Amino acid sequence: RRRRRSAGNLNLGKDSVMRFALAALFVASTLLIASVGQAINYGDFVGNTVTFEDVTSQNGLFGAPTVSGDSLDFNPNTFEADCSLDPGCPPTPSTIDDTLTLTIQADPGSFIDDILLSEAGDTTISSFLNAFGATQVTATVFIDIFEIDGISVNNINFNTQMTFSNGGAFDTDVDGTGTFIWTGSLLVDLDQIIADNNASGLATRVGINMNNTLIAFAESGATARIEKKDVDGLAITVIPEPGTALLMGLGLAGLAGVRRSSRRTEM
């Protein structure tokens, strides 16, 4: 197996760059992405201990979510980059992009400890006569903490990249041909973000801005497609502050004890 190519955002190497000048094209593609739809505000969704507010998809590709417990689940069915369907590919990579924004508000008496983002999809690449094909997925996440202990705060934020299986990149030279499943995950520790900003307390209102980009490229004689799946496309799960869950448990235990005591008195 040859060493993975590396240049620009697609992790392609010098050989590929010279063959079809992809390095500059892929860097530019993440900056000059044409809108593929219109913004859709899906509204608010009530969970067990939080409310997901103003859930908005910039290009409408994430699809309407559902809520389960404190998890918001998206099942997109049109979030796909396919070189064979893009008249400009090649020589320009096929690129599709969307940005998801929402605010998470903790219920009174509840606090947000961590936020887990996870997503999945698949990619298919094929090649004839050694033609080159490649795909990539990236996700940049911005976090803003708007409230600590129910009090508004400013300028407490954080940004990072989601981590993907296989580095989020697949190509015919390294991975061969076929269909590959990819997954991505990111655990955001809000307590650590607060501490890193020289603040204290527990998060009660948090904003999320997540940009997802899919890229596909195929020379003549190859095909390349990458998609966020309609199942497990993206899940945003809120993990309550452990102390909150413990207090809730103690409260229920206390209530049960009162009821048992009352029954003994009646007997």
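Because the structure is a prediction, the values reported are computed rather than measured. (Residues numbered from 1 in each chain as written. Predicted model: local features only at pLDDT ≥ 70, side-chain atom pairs only at ≥ 80, totals over all residues. Heavy atoms only, no water.)

Draft legend 1. Spotlight on the side chain of T99. Within the element layout of this structure, T99 appears in strand β6 (residues 94-106). In this structure T99 comes out as buried when scored by relative accessible area, which is 10%. Here N211 takes part through its side chain, which lies 2.9 Å from a polar atom of the side chain of T99. When residues no more than four places from it in sequence are discounted, the contact partners of T99 are T56, S57, Q58, F62, N209, M210 and N211. (Helix = DSSP H or I, 4+ residues; strand = E, 2+ residues; numbered from the N terminus. Buried < 20%, exposed > 50% of the residue type's maximum accessible area, 1.4 Å probe, protein only. Polar contact = N/O pair within 3.5 Å; in protein donor to acceptor, adjacent residues only side chain to side chain. Contact = heavy atoms within 4.5 Å.)

Draft legend 2. Looking closely at unusual backbone geometry. Along the chain, C89 connects to P90 via a cis peptide bond; the corresponding omega equals -10°. Among the structural elements, P90 can be located in the loop between β5 (80-82) and β6. For the bond from P90 to P91, the omega torsion is 10°, close enough to zero to count as cis. Mapping P91 onto the fold places it in the loop between β5 and β6. Despite not being glycine, D54 shows a phi value in the positive range, around 50°. Within the element layout of this structure, D54 appears in strand β2 (residues 50-57). Its relative accessible area of 47% is what places D54 among the partly exposed residues. Although it is not a glycine, N166 sits at a positive phi angle of roughly 60°. Within the secondary structure layout, N166 lies in the loop between β11 (163-164) and β12 (169-171). Note on N166: relative accessible area 37%, which makes it partly exposed.

Draft legend 3. View of the pattern of salt bridges. Tallied over the full model, the rule gives 6 salt bridges. Close ionic contact of R225 with E80 constitutes a salt bridge, the shortest N to O distance being 3.6 Å. One end of the pair, R225, is in strand β15 (residues 222-228); the other, E80, is in strand β5, and 145 residues separate them in sequence. For R225, a relative accessible area of 16% corresponds to the buried category. Note that D122 is salt-bridged to R225, the shortest N-O span being 3.0 Å. Taken together, the positions of D122 in strand β7 (residues 112-127) and R225 in strand β15 put the pair 103 residues apart, joining distant regions of the chain. (Salt bridge = Lys/Arg side-chain N within 4 Å of Asp/Glu carboxyl O.)

Draft legend 4. Region of interest: the state of the cysteines. The full count for this structure, using the stated rule, is 1 disulfide. Across the disulfide from C83 sits C89; the S-S distance is 1.9 Å. Linking C83 and C89, the disulfide has an S-S dihedral of approximately -100° and is accordingly described as left-handed. By relative accessible area, which is 3% here, C83 ends up buried. Owing to a relative accessible area of 9%, C89 belongs among the buried residues under this scheme. (Disulfide = S-S within 2.5 Å.)

Draft legend 5. Quick look at the packing of aromatic side chains. Taken as a whole and assessed by the stated rule, the structure comprises 4 aromatic pairs. Taken together, a centroid distance of 5.5 Å and an interplanar angle of 20° make the contact between F170 and F180 stacked. Of this pair, F170 sits in strand β12 while F180 sits in strand β13 (residues 178-189), and the two are 10 residues apart along the sequence. Given the relative accessible area of 5%, F170 is considered buried. Among the aromatic residues, those joined into a ring-pair cluster are F62, F74 and F79. (Phe/Tyr/Trp six-rings, centres within 6.5 Å; stacked < 30°, edge-to-face > 60°.)

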